[in-house]
Amino acid sequence: MSAASCLRSEDQFLCSICQDVFTDPVTTPCGHNFCKNCITEHWNSNDQYLCPMCKKVFNTRPELHINTFISEMVSRFRQEAQQKASSSSSEQQAAKPEVPCDVCTGTKLKALKSCLVCLTSYCETHLEPHLTMSGLKRHQLMDPVENLEDRMCMKHNKPLELFCKTDQTCVCVLCSVLDHKTHDVVPLEEEYEGKKAELGKTEAEIQQMIQKRQLKIQEIKHSVDLSKEATDREKAEGVQVFIALKESVERSLNELIETIEEKQRTTEKQAEDFIKELEQEISELMKRSSEVKQLLLSEDHLHLLQNFPSLKAALPTKDWTEVSVHPPSYEGTVVRAVTQLEETLSKEMKKLLGEAELKRVQQYAVDVTFDPDTAHPHLILSDDGKRVNDGDVEKNLPDNPERFSDCINVLGKPSFTSGRFYLEVQVKGKTDWDLGVARESINRKGEIVASPEDGYWTIRLRNGHEYKARNDPPVILSLKSQPQKVGVFVDYEEGRVSFYDVDAPALIYTFTGCSFTEKLYLFFSPCPNKGGKNSAPLIICPVNQTE
């Protein structure tokens, strides 16, 4: 690759501020790349956080991180440029084939020049006559080339030393005054320079195409790596969910077996007790039988009559006629166990899936603050822009077009026009609140109807227990517990807005099929404080990803 084309290919990696190859490249939220020091010094020396390329103004100074993808590509480009520069001279030498002398017999020496008149190439020795003899001095010499016949006009047997721009072909002097006399004819050297310049541009374009495709390869590989990471993460979460479900099934099975075996142990214990009691009675009866047999053998009349009453008396035994040991009944045992298992699994699945889903969306956490330029005059915002509550006293603020005038609302900043984003808001201690997203063109003055048709996708709480999604028509939400912290997730391209109970964790509600075509802002309403009953603030919390 030539030096010119090398320089042109560097354009892909030039910082627009210092006009040099990137050093520690960073990417702004608007998608443009700069050296980290260049953009930092640019922002330090200006009042606004402005992108030098597209002039986009950022309300807060973006947090910049090294773009590892571009950094790796710049490093690779520099290595390739050094390798190509070091090998270019040797490649050029190798590209020139040696032309043998046409006059030498036997071992042919390397030709020093070629004569366009003689159509012969000469070594240093055989070139001597062309340098000394007056007749030969007028011959046109050039660096040695093969196939000299191709450099001669087939019609006039003259050197092709002109170029007809009209017919785009090489011609001789006679051609220029005969067949091409009305055409635009220039010396070969002139056309050579022009065509060489065009080839230089073509080479630069080819190199740019190569660079773009190399970048695309890296981009595709990077996408594959991200996909693999997502796949591994999804597999790990799936394994975790199924292991937990398997353990739950095993616990239920063990409990079922324990219940059945406990019934068998109870039956065996009852039988053992009966047998023990029967054996005791048998022992007593055998003793009485022995005494009766002895008395029957006695010839002593008095002795028999005296002992007869005691031996004839009834023994303290029970009537065993109705006594039996019945096998335990297992009717409904398995059904009840399976039904209970279904309920347990359902709860466990909801919990596990809720944790997995929440963990998935938490990776899109963004840094959002309340925008004071949109806040209703009653609202009190903390210095860090993370807390807001109704102060019940209207402040004297300019009624700009962005500010809510009648409803106790405020928007977050920055806005979003693509991608996915997530944040969490503490609602603990409040009886009334509204949360969600709103498009830029919403009505901010007078009475507001918060519905998707009017540019709002929100859920709300009223009177401490009435939850509702402000869809069309509104949807009453039956929640098993009152959320203390609510997560809000938006997928701009998919048209989805989801709300989560962070502590449960569980999905509260999802708006689907939304059509987003303009800027979206996070929407908040702490609602009136109702004489102190609803004075707790809404707090934008840092996202702590679930384990």
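Treat the numbers as computed from the prediction; the structure is a model and nothing was measured.

Participant: If you had to explain the confidence of the model for the protein chain to someone new, which residues and values would you point to?
Facilitator: Reading fine detail from the predicted coordinates is not recommended where pLDDT is low. Taken residue by residue, the protein chain gives an average pLDDT of 88. The fraction at 70 or more is 94%. Confidence over residues 1-8 falls short of pLDDT 50; this stretch has 13 contacts with residues more than four positions distant or in other chains.

Participant: Which residues make up the sheet that holds strand β19 (residues 475-477), and what are the values?
Facilitator: Adjacent strands of a sheet pair through backbone hydrogen bonds, lying either parallel or antiparallel. Spatial ordering of the open sheet is given by β11-β14-β23-β16-β17-β18-β19, a layout of seven strands whose pairing is antiparallel. Two strands in the sheet have a free side with no partner beyond their single neighbour: β11 (369-370) and β19. With four bridges connecting them, strand β17 (residues 456-462) and strand β18 (residues 466-469) associate as antiparallel partners. If you follow Ile-459 over to β18, its bridge partner there is Ala-469.

Participant: So what's going on with the packing of helix α7 (residues 188-296) against helix α9 (residues 333-362)? Which residues, and what values?
Facilitator: Running from N to C, α7 and α9 point in directions that differ by 160°, and their axes come no closer than 10 Å. As judged from the angle between their axes, α7 and α9 are roughly antiparallel. Along this stretch, α7 crosses α9, giving a crossing that reads as right-handed. Here Glu-234, Glu-237, Val-241, Ala-244, Leu-245, Ser-248, Val-249, Ser-252, Leu-256, Thr-259, Ile-260 and Lys-263 of α7 come into contact with α9, specifically with Thr-333, Val-334, Ala-337, Leu-341, Thr-344, Leu-345, Glu-348, Met-349, Leu-352, Ala-356, Lys-359 and Arg-360. The residue inventory of the contact of α7 with α9, partitioned by class, reads 13 nonpolar, five polar and six charged.

Participant: Can you explain the pattern of salt bridges? Please cite residues and give values.
Facilitator: The final tally for this structure, using the stated rule, is 19 salt bridges. Note that Asp-434 and Arg-462 form a salt bridge whose closest N and O atoms lie 2.8 Å from each other. Of the two residues, Asp-434 sits in strand β16 (residues 433-439) while Arg-462 sits in strand β17, which places them 28 residues apart along the sequence. For the residue pair Asp-434 and Arg-462, the accessibility class agrees, reading buried in each case.

Participant: Pulling in residues and values, what's your account of the pairing of strand β23 (residues 520-525)?
Facilitator: Most of β23 sits out of view: six of its six residues are buried. When strand β14 (residues 410-413) meets β23, the two strands line up antiparallel, connected through two bridges. Within the sheet, the bridge partner assigned to Val-410 lies in β23 and is Phe-524. In this structure, β16 lies alongside β23, joined through six bridges in antiparallel fashion. Bridging across to β23, Ala-438 finds its partner in Tyr-521.

Participant: Could you give an account of the nonpolar core, with specific residues and numbers?
Facilitator: Counting 37 residues, the largest nonpolar core has Trp-433, Val-497, Leu-522 and Phe-524 as its most contacted members. Among all residues touching Trp-433, those that are not within four sequence positions of it are Val-427, Ile-459, Arg-460, Leu-461, Arg-462, Tyr-467, Val-486, Ser-525, Cys-527 and Leu-538. Judged by nonpolar contacts, the second largest core, of 17 residues, contains Phe-13, Cys-15, Val-26 and Phe-58.

Participant: A description of the packing of α7 against helix α8 (residues 301-312) should follow, citing residues and the corresponding values.
Facilitator: Look at α7 against α8: their axes get within 11 Å of each other, and the N-to-C directions meet at 160°. The pairing of α7 with α8 is recorded here as roughly antiparallel in orientation. By crossing handedness, the relation of α7 to α8 is classed as left-handed. Contacts from Arg-288, Glu-291, Val-292 and Leu-295 of α7 reach α8 at His-303, Leu-304, Asn-307, Phe-308, Ser-310, Leu-311 and Lys-312. Here the contact of α7 with α8 is built from residues that sort into five nonpolar, three polar and three charged.

Participant: Break down the packing of aromatic side chains for me, citing the residues and quoting the values.
Facilitator: In this description, an aromatic ring pair is defined by two values, namely the gap between the centres and the angle between the planes. Scanning all chains against the criterion turns up 13 aromatic pairs. Here the aromatic cluster, defined as three or more aromatic residues joined through ring pairs, consists of Trp-43, Tyr-49 and Phe-58. In this structure, Lys-318 packs its charged tip against the face of Trp-320, placed 4.6 Å from the ring centre.

Participant: Please provide a residue-by-residue account of the sheet that holds strand β12 (residues 379-381), values included.
Facilitator: Spatially, seven strands are ordered β12-β13-β24-β15-β20-β21-β22 in an open sheet, and the strand pairing comes out antiparallel. The open sheet has two free edges, formed respectively by β12 and β22 (506-511), since each of these has just one partner strand. The average angle at which neighbouring strand axes cross in this sheet is 20°, direction not considered. Inspection of the sheet shows strand β20 (residues 485-491) paired to strand β21 (residues 496-501) by six bridges, in the antiparallel sense.

Participant: Can you break down the side chain of Asp-390 residue by residue, with the values?
Facilitator: Mapping Asp-390 onto the fold places it in strand β13 (residues 387-390). One buried charged side chain, Asp-390, makes no salt bridge at all; its nearest oppositely charged neighbour is Lys-395, positioned 7.9 Å away. Within polar-contact distance, the side chain of Asp-390 engages the backbone nitrogen of Asp-392 at 3.0 Å. Polar side-chain contacts of Asp-390 include one of 3.2 Å to the backbone nitrogen of Asn-529.

Reading the values: rules and limits
- Residues numbered from 1 in each chain as written.
- Predicted model: local features only at pLDDT ≥ 70, side-chain atom pairs only at ≥ 80, totals over all residues.
- Heavy atoms only, no water.
- pLDDT = per-residue confidence, 0-100.
- Contact = heavy atoms within 4.5 Å.
- Pairing = 2+ DSSP bridges.
- Helix = DSSP H or I, 4+ residues; strand = E, 2+ residues; numbered from the N terminus.
- Axes fitted to C-alpha atoms, helices over the stretch in contact; angles between N-to-C directions.
- Parallel < 35°, antiparallel > 145°, perpendicular 65-115°, else oblique.
- Left-handed = near helix turned anticlockwise from the far one by under 90°.
- Nonpolar A, V, L, I, M, F, W, Y, C, P; charged D, E, K, R; others polar.
- Salt bridge = Lys/Arg side-chain N within 4 Å of Asp/Glu carboxyl O.
- Buried < 20%, exposed > 50% of the residue type's maximum accessible area, 1.4 Å probe, protein only.
- Core = buried A, V, L, I, M, F, W, Y, C linked by side-chain atoms within 4.5 Å.
- Phe/Tyr/Trp six-rings, centres within 6.5 Å; stacked < 30°, edge-to-face > 60°.
- Lys NZ or Arg CZ within 6 Å of the ring centre and 35° of its normal.
- Lys, Arg positive; Asp, Glu negative; His and termini not counted.
- Polar contact = N/O pair within 3.5 Å; in protein donor to acceptor, adjacent residues only side chain to side chain.

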